[in-house]
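A structural walkthrough
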Amino acid sequence: MDTDPGIDDAAALSVAINDPKLDLKLVTTVAGNVTVDKTTKNALKIISFFNQGDKIPVAAGAVQPLIKPFEDAARIHGESGMRGYQFSNETPEPLKMTAVQALHKYIMESDEKVTLVPTGSYTNIALLFSEYPEVKDKIERIVAMGGTLGYGNMTSAAEFNVFTDPHAAKIMYQAGVPIVMVGLDVTNKALLTHETLAEIETMNPAGKMLHDIIISDGDRNENGVAMHDVNTIFYLLHPEFMQTKPLWIDIQTEGPANGETVADIRVAYHNGKTNAEVCVDIDSQAFNDWFKAEVKQMKV
Ligand code: BDR
Ligand code: CA
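Residues numbered from 1 in each chain as written. Chains lettered and ligands numbered in written order. Predicted model: local features only at pLDDT ≥ 70, side-chain atom pairs only at ≥ 80, totals over all residues.

**Re the overall build of the protein**
Along the backbone of the protein there are 12 helices and 12 strands. Expressed as lengths along the three principal axes of its C-alpha atoms, the size of the protein is roughly 55 × 45 × 35 Å. Split into buried and exposed, the 300 residues of the protein put 49% on the buried side. Within the protein, counting contacts between residues at least 6 apart in sequence, those at least 24 apart form 82% of the total. (Helix = DSSP H or I, 4+ residues; strand = E, 2+ residues; numbered from the N terminus. Buried ≥ 20, exposed ≤ 12 C-beta atoms within 10 Å, placed from the backbone. Contact = placed C-beta atoms within 7 Å.)

Following this line, the structure appears as structure tokens:
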């Protein structure tokens, strides 16, 4: 996982750590919701919370986007990036290598092809592909939160992760690696409801922690809270509850639509060639039921 915790990143990471069907090998961090020193500390806090400090390594990544100036989202996630819960400050140290170096090492040393799950901007992935293009052959696919075929959440055109580093997104989408785009088209539909949140609050200590950070998310509304990044893990484990469409996605890198994920909807201009499976619909009830079941089996 390449991540910028971030409340929904922290929830996604919690599920990825605990679900026995997943084998989380490495966590890399990027500047996004807050600065990279904070996103790194936050990833380490979540890993420590679940007592996995000796099993899941963390490497700190890019401090800023490739070209655009860095803008955080602290207004949504709080100054710390994970407001709402008092975590222990005693965390393990990150690896003494950069995210790009760690990704290169873990991918090349892996016996099997790996899946990348970016839930922040794609700066580390773009740098990795530019510096070590040989990794591409060892990547099964990228399941990335970001983008939208409809309205954005930063501008009317752009979603936050792509808006933060559109140049990196362009490099990732042009890399020739299979991509699943888990964007606002599904994540804004699959709100965790207030009923779900009330249930997880009293389930166990992990549920209490997740409840406390999730209700602090500045994006919640009367119907619930979008847990954008958690949808990547839901897709990995339960693609049957999402509908996808193969499309050609390109990225706008300047002007008023900067950061827009532009889809060739007719798949005509690119002669039927596509570069992404785009998630277009989701079973929101199934998402809530699954999330509750995931939290129920979390152990601290
Ligand atoms: C994305 O933006 C971030 O604030 C969230 O963590 C998520 O990755 C949603 O647009
Ligand atoms: Ca994120």
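**Some words on helix α10 (residues 205-214)**
When you tally the buried positions in α10, you get seven out of 10 residues, the bulk of the element. Each element contacted by the buried residues of α10 is listed here: α1 (7-18), α2 (36-49), β7 (191-192), α9 (194-201), β8 (225-226) and α12 (284-296).

**Some remarks on the environment of L44**
Topologically, L44 is positioned in helix α2. The class of L44 is buried, set by 24 C-beta atoms lying within 10 Å. In this structure the C-alpha to C-alpha distance between L44 and L149, which are 105 residues apart in sequence, comes to 33 Å.

**Things to note about the site of ligand 1**
Residues in close proximity to ligand 1 total 14 residues, the closest being G6, D8, A73, F160 and H228. Elements with a contribution of two residues or more to the shell around ligand 1: α1 and α6 (160-164). Counted by class, the shell around ligand 1 contains four nonpolar, six polar and four charged residues. (Near = placed C-beta within 6 Å. Nonpolar A, V, L, I, M, F, W, Y, C, P; charged D, E, K, R; others polar.)

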